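# Chains, contacts and geometry: an overview
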Amino acid sequence: MPIAVDIDVMLARRKMSVGELADRVGITPANLAVLKNGRAKAVRFATLAALCEVLGCQPGDLLRWEAEDAEDAEDAEDAEDAEDAEGG
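A brief report on the enclosed structure follows. (Residues numbered from 1 in each chain as written. Predicted model: local features only at pLDDT ≥ 70, side-chain atom pairs only at ≥ 80, totals over all residues. Heavy atoms only, no water.)

### Topic: the overall build of the protein
A tally of regular secondary structure across the protein gives 6 helices and 2 strands. Listing each helix as α and each strand as β along the protein from the N terminus yields β-α-α-α-α-α-β-α. Within the span of the protein, comprising 88 residues, buried residues form 26% of the whole. Residue pairs at least 24 apart in sequence account for 63% of intrachain contacts in the protein once pairs closer than 6 positions are excluded. Accessible area of the protein: about 6,200 Å², with a carbon and sulfur share of 50%. (Helix = DSSP H or I, 4+ residues; strand = E, 2+ residues; numbered from the N terminus. Buried < 20%, exposed > 50% of the residue type's maximum accessible area, 1.4 Å probe, protein only. Contact = heavy atoms within 4.5 Å. Areas by Shrake-Rupley, 256 points an atom, 1.4 Å probe, with all protein chains shown as cover.)

The following block contains the structure:
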């Protein structure tokens, strides 16, 4: 997924456990783990706001956009170059 979640980074900076963060935000540790591991399909703004309040950060400190797998893009480009060289 092109959205990466950096909750681990903020937890380490704040020397806080996942359990403590979940308690302070008001979500289950299991739901926090789903978000933290990048498996969540969505996040409520209220949850994002609570995470930011507890961690003392901005949403951009927790979420960032990454381009699709750069390796896959390079492989596709190499395949096109090979076809062009073969006259395809």
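Having put the structure on the table, let's press on.
### Concerning helix 2 (residues 18-25)
All of the buried residues in helix 2 are Leu21, Ala22 and Val25. Buried positions in helix 2, seen along its axis, are confined to an arc of 100° and lie on one side of it. In this fold, the buried residues of helix 2 make contact with helix 1 (7-14), helix 3 (29-36) and helix 4 (45-55). (Arc of directions from axis to C-beta.)

### Considering the packing of helix 1 against helix 3
Where helix 1 meets helix 3, the closest approach of the two axes is 9 Å, and the angle between their N-to-C directions is 115°. Of the residues in helix 3, those touching helix 1 at Ile7, Asp8 and Leu11 are Leu32, Leu35 and Lys36. (Axes fitted to C-alpha atoms, helices over the stretch in contact; angles between N-to-C directions.)

### Some details on the environment of Val5
Inspection of the secondary structure puts Val5 in strand 1 (residues 3-5). Put simply, Val5 and Gly60 are 55 residues apart on the chain and 9.5 Å apart in space, counted from C-alpha to C-alpha. Setting aside anything within four residues of it in sequence, one finds Val5 in contact with Leu35, Lys36, Gly38, Leu62 and Leu63.

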